[in-house]
Every structure is written in C-alpha cells, then in structure tokens.
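In case you want the letters, here they are:
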Amino acid sequence: MPIEWAAASALAAVYEPAAVAANFRRLDRLGLASPYGFVEAIDYSQPDAETGAPDPTGVVVSTCMAHHQGMTLIALANALGGGAMVERFHADLRVTATELLLQERAPRRRLAAAPRPAND
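Quick caveat: nothing in here was measured; it's all calculated off a predicted structure.

Chemist: Which parts of the structure should I look at to understand the overall build of the chain?
Modeler: The helix and strand inventory of the chain stands at six helices and five strands. Reading the chain from its N terminus to its C terminus gives the helix and strand order β-α-α-β-β-β-β-α-α-α-α. If one aligns the C-alpha atoms of the chain with their principal axes, the spans along those axes are about 50 × 45 × 25 Å. Within the chain, the fraction of its 120 residues that count as buried is 21%. Intrachain contacts of the chain at a sequence separation of at least 6 include 42% that bridge at least 24 residues. Counting every atom, the chain has about 9,400 Å² of accessible surface; 61% of that belongs to carbon and sulfur. Counting 10 positive and 13 negative side-chain charges, the chain places the averaged centre of each group 12 Å from the other.

If you want it as structure tokens, here you go:
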C-alpha cells in the first residue's frame, strides 16, 4: 500500500463502521489528526534517506484539503443518517436525469473496430 488516504476510510463507514472507527483511531496514533481534521495521507512509497528502500513507517502528507474534509463529513453523515446523503443526491433532478449512466456497465469484450484516428 504506497499511500493511505484518511478520507478514503470515511467512504467505507456505511459498510464497515466499526472497522472505520478503529482505522481512524489508528490514523490518529500515527499522527494524522490535526486541528482541521485528518491530514491528507501517509505515503509509504517515499525512500528512506539512508537505505533508499521504501520507508516502512511512512511519511505523513501534512496538508488539509477542504474538499477531502467535506467528503469525509458527508460520508460520515451518510453512514450515521442511514444513507440520507445518497437519497438527497439522487433526489436532484440533474442526477435523476443521468442515473442510467451510473448503472452502465463497462464493455467486457474488445471493440470490434479500432477507434477513428484523430484529425491532423
């Protein structure tokens, strides 16, 4: 796992709330908590200065991006509110008009013909 994102944990709260709570406690112990919420991430891919190997303790990415804080709050509110935020999202007419696209499956087979080349 090269990077562990704090905000990504919150997205799983609706499915595994106890595991997410335990992970938030672990992230707090690792130093990701800040006065503004959890900082961005821990990057395990950064090389150790002496050995050049990836640092097993990780490097804390000490930024707080407002949109990630908002995503975390919405995900937790959705988990605590029984999916209310998903219902609100799908109640928006702009989303309702495109819901079929959200259900569209990716093609399982290759395309029969190659895409057209770009016009030069």
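Chemist: Explanation requested: the side chain of D43 in the structure shown.
Modeler: Mapping D43 onto the fold places it in strand β4 (residues 41–43). Buried and unpaired, D43 has no salt bridge, with R26 as the nearest side chain of opposite charge at 13 Å. Within the structure, D43 has its side chain in polar contact with the side chain of S45 (distance 2.6 Å).

Chemist: It is not clear to me how the packing of aromatic side chains should be interpreted in this structure. Could you clarify?
Modeler: Aromatic rings considered in pairs are described by the distance between their centres and by the relative angle of their planes. Following the criterion strictly, the structure yields one aromatic pair and no others. Seen in terms of ring centroids, F24 and F38 are 4.9 Å apart; in terms of plane orientation they differ by 15°. Their pairing is stacked. Residue F24 is found in helix α2 (residues 17–29), and its partner F38 is found in strand β3 (residues 37–38); the two are separated by 14 residues along the sequence. Taking relative accessible area as the criterion, F24 reaches 13% and is therefore assigned buried.

Chemist: Would you mind going over the pattern of salt bridges with me for this structure?
Modeler: Side chains that differ in charge, positive against negative, can pair when their charged atoms come close. Per the counting criterion, the structure on display carries two salt bridges. E4 serves as the salt-bridge partner of R26, at 2.2 Å between the closest nitrogen and oxygen. Of this pair, R26 sits in helix α2 while E4 is found in strand β1 (residues 3–5), placing the two residues 22 residues apart along the sequence. Taking relative accessible area as the criterion, E4 reaches 8% and is therefore assigned buried. For R94, the salt bridge identified is with D92, shortest N-O distance 2.7 Å. Residue classification places D92 among the partly exposed positions, given a relative accessible area of 25%.

Chemist: What's the story with α2 in this structure? I'm lost.
Modeler: Helical geometry note: an α-helix holds 3.6 residues per turn, so side chains three or four residues apart project in the same direction. Helix length check: α2 (13 residues) gives 19 Å between terminal C-alpha atoms against 18 Å at 1.5 Å per residue, within 8%. Looking at α2, one finds that the buried residues are V20, N23, F24 and L27. For α2, the angular spread of buried residues about the axis comes to 105°, placing them on one side. Of the exposed residues in α2, those oriented more than 90 degrees away from the buried face are A18 and R29. Buried residues belonging to α2 abut β1, α1 (6–11), β2 (33–34), β3 and α3 (66–80).

Basis of the calculations
Residues numbered from 1 in each chain as written. Predicted model: local features only at pLDDT ≥ 70, side-chain atom pairs only at ≥ 80, totals over all residues. Heavy atoms only, no water. Helix = DSSP H or I, 4+ residues; strand = E, 2+ residues; numbered from the N terminus. Buried < 20%, exposed > 50% of the residue type's maximum accessible area, 1.4 Å probe, protein only. Contact = heavy atoms within 4.5 Å. Areas by Shrake-Rupley, 256 points an atom, 1.4 Å probe, with all protein chains shown as cover. Lys, Arg positive; Asp, Glu negative; His and termini not counted. Charge placed at Lys NZ, Arg CZ, Asp CG, Glu CD. Salt bridge = Lys/Arg side-chain N within 4 Å of Asp/Glu carboxyl O. Polar contact = N/O pair within 3.5 Å; in protein donor to acceptor, adjacent residues only side chain to side chain. Phe/Tyr/Trp six-rings, centres within 6.5 Å; stacked < 30°, edge-to-face > 60°. Expected span 1.5 Å × (residues − 1). Arc of directions from axis to C-beta.

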